[in-house]
Amino acid sequence: MMMLLVLLGMLAGVSDAILCKDDIELDNVQDYIYRLEKKPLDKYWSKYVEPKANANNELVIQRYNMHLTYTIFGKFDGDPSDATISAGYYKQDNSLIYSVEVDCGAGMWRSYAPNVELPEETEKYQEGQLEESCGDGEIFDVILKVQQAHLMNWLYNGQPLQEGSQNITFRKKGQEAVRERTLYVPSPDGRPKGGAADATKIKIQTTGSAVITRLAFGRCIAWPEEITRNCTAVNEWILKRSKSIVLGHELYGANMPTYFMDCYNDTLFLWLQSKIHPDEKSIPESAYCCCVNMETGKLFSGDKNVDCQSSKECIQSCTSTSYDADLIAGT
């Protein structure tokens, strides 16, 4: 049965992510809208960007940290030969910023962007072959990684759904530098304004046997419930979707490869995790150290204020909380 859920970003379920702003369990839905509670240019996301004085000597934020990640989880509940998965990023007026479609029957992916001259119309941007076929009973994930207003990309099961790159010149500590980045997504908005900076929602629609079971959002890393009791499998999943040159997709990765889980053995997580992905409240150039459940990798108490400290000031050992001697003895 098709269902339409409109969420205001205020409900959360118990899922497998650490420090996400929202992590929402869904009941096999096929139509879903997630609305941003905080706009991308809200100071909430840029707490530690140093303000500078403008012409009136007023302190204002002149640049914003727009790095946000949406991770969509789902499964194929039956024959996927006619299944499709569509996800799109939209503005308040429902105009498209960037979308993607996975077509299981055709074994193809296609992305769409606004027509630069006619913004109310959309047109195909890129397309390509799926690296993996869809299978009955299999799980899937779709990730949207936003970096800047016009730099963002999709992944499906760890496969980048975007092609091409560009060299961007910028200034670093007063010196000119060049960095390779993904291509700018076509937009009628002039850089650096518009695009993802004006996003208010992400819409997801599926057909056939494809259903959505969960969405995680924020500056965080989430992984599927189906693999959470296997630390090695979790790390393989994370690294495949990372910026690792060897194990991931470099430019198109969702996160830096340093943010994987520390394992005690093949299946158990180390009770103290030393490099949990930073969030909107992290101080610059820091991550978190957190006490986690050794079987699931989740925060031990579920409370960030209890379980986590800044990696720059980490003095906890977690031996009196999340360390489980019985689990250790049983290995």
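Whatever comes next refers back to the structure up there.
What counts and what doesn't
Residues numbered from 1 in each chain as written. Predicted model: local features only at pLDDT ≥ 70, side-chain atom pairs only at ≥ 80, totals over all residues. Heavy atoms only, no water. Helix = DSSP H or I, 4+ residues; strand = E, 2+ residues; numbered from the N terminus. Buried < 20%, exposed > 50% of the residue type's maximum accessible area, 1.4 Å probe, protein only. Pairing = 2+ DSSP bridges. Patch = residues over 30% accessible without salt bridge, like charges linked within 9 Å, V, L, I, M, F, W, Y side chains within 5 Å. Areas by Shrake-Rupley, 256 points an atom, 1.4 Å probe, with all protein chains shown as cover. Salt bridge = Lys/Arg side-chain N within 4 Å of Asp/Glu carboxyl O.

Caption draft 1: Local environment of unusual backbone geometry. Geometrically, the link from Arg-191 to Pro-192 is a cis peptide bond, its omega value of 5° lying close to zero. Summarising the element assignment, Pro-192 is placed in the loop between strand 16 (175-182) and strand 17 (199-207). Of note, the phi angle at Asn-28 is positive, near 55°, even though the residue is not glycine. Looking at the secondary structure, you find Asn-28 in strand 3 (residues 22-29). Even without a glycine there, the phi angle at Asn-57 is positive, about 65°. Among the structural elements, Asn-57 can be located in the loop between strand 5 (52-53) and strand 6 (59-60).

Caption draft 2: Up close: the pairing of strand 12 (residues 139-148). With respect to burial, strand 12 is a largely interior element, eight of its 10 residues being buried. For strand 7 (residues 68-76) and strand 12, the ladder comprises eight bridges, and the chain directions are antiparallel. Among the inter-strand pairings, Phe-73 is bridged to a residue of strand 12, identified as Asp-141. Taken together, the six bridges between strand 12 and strand 13 (residues 151-156) define a ladder with antiparallel strand orientation. Along strand 13, the bridge assignment pairs Val-142 with Tyr-156. The hairpin turn running from strand 12 into strand 13, its antiparallel successor, is two residues long.

Caption draft 3: The arrangement of a nonpolar patch on the surface in detail. A cluster of nonpolar side chains, Ile-245, Val-246 and Leu-247, forms an exposed patch at the surface whose accessible area comes to about 360 Å². In this structure, Leu-247 sits in the loop between helix 1 (231-240) and strand 20 (272-276).

Caption draft 4: Seen up close, the pattern of salt bridges. Evaluated as defined, the whole model comprises 11 salt bridges. Of the charged contacts in the structure, one is a salt bridge between Arg-241 and Asp-141, with a shortest N-O distance of 2.8 Å. Of this pair, Arg-241 sits in the loop between helix 1 and strand 20 while Asp-141 sits in strand 12, and the two are 100 residues apart along the sequence. When its relative accessible area of 6% is taken as the criterion, Arg-241 is described as buried. On the basis of relative accessibility, which here comes to 3%, the residue Asp-141 falls in the buried class. A salt bridge links Asp-279 to Lys-304; its shortest N-O distance comes to 2.8 Å. Here Lys-304 lies in helix 2 (residues 304-307) and Asp-279 lies in the loop between strand 20 and strand 21 (288-291), a separation of 25 residues in the sequence. Classification of Asp-279 as buried rests on a relative accessible area of 8%. Taking relative accessible area as the criterion, Lys-304 reaches 21% and is therefore assigned partly exposed. Each of the salt bridges in this network shares a partner with another, and the network as a whole consists of Glu-101, Asp-103 and Arg-110.

Purely spatial values, then, with no claim about function.
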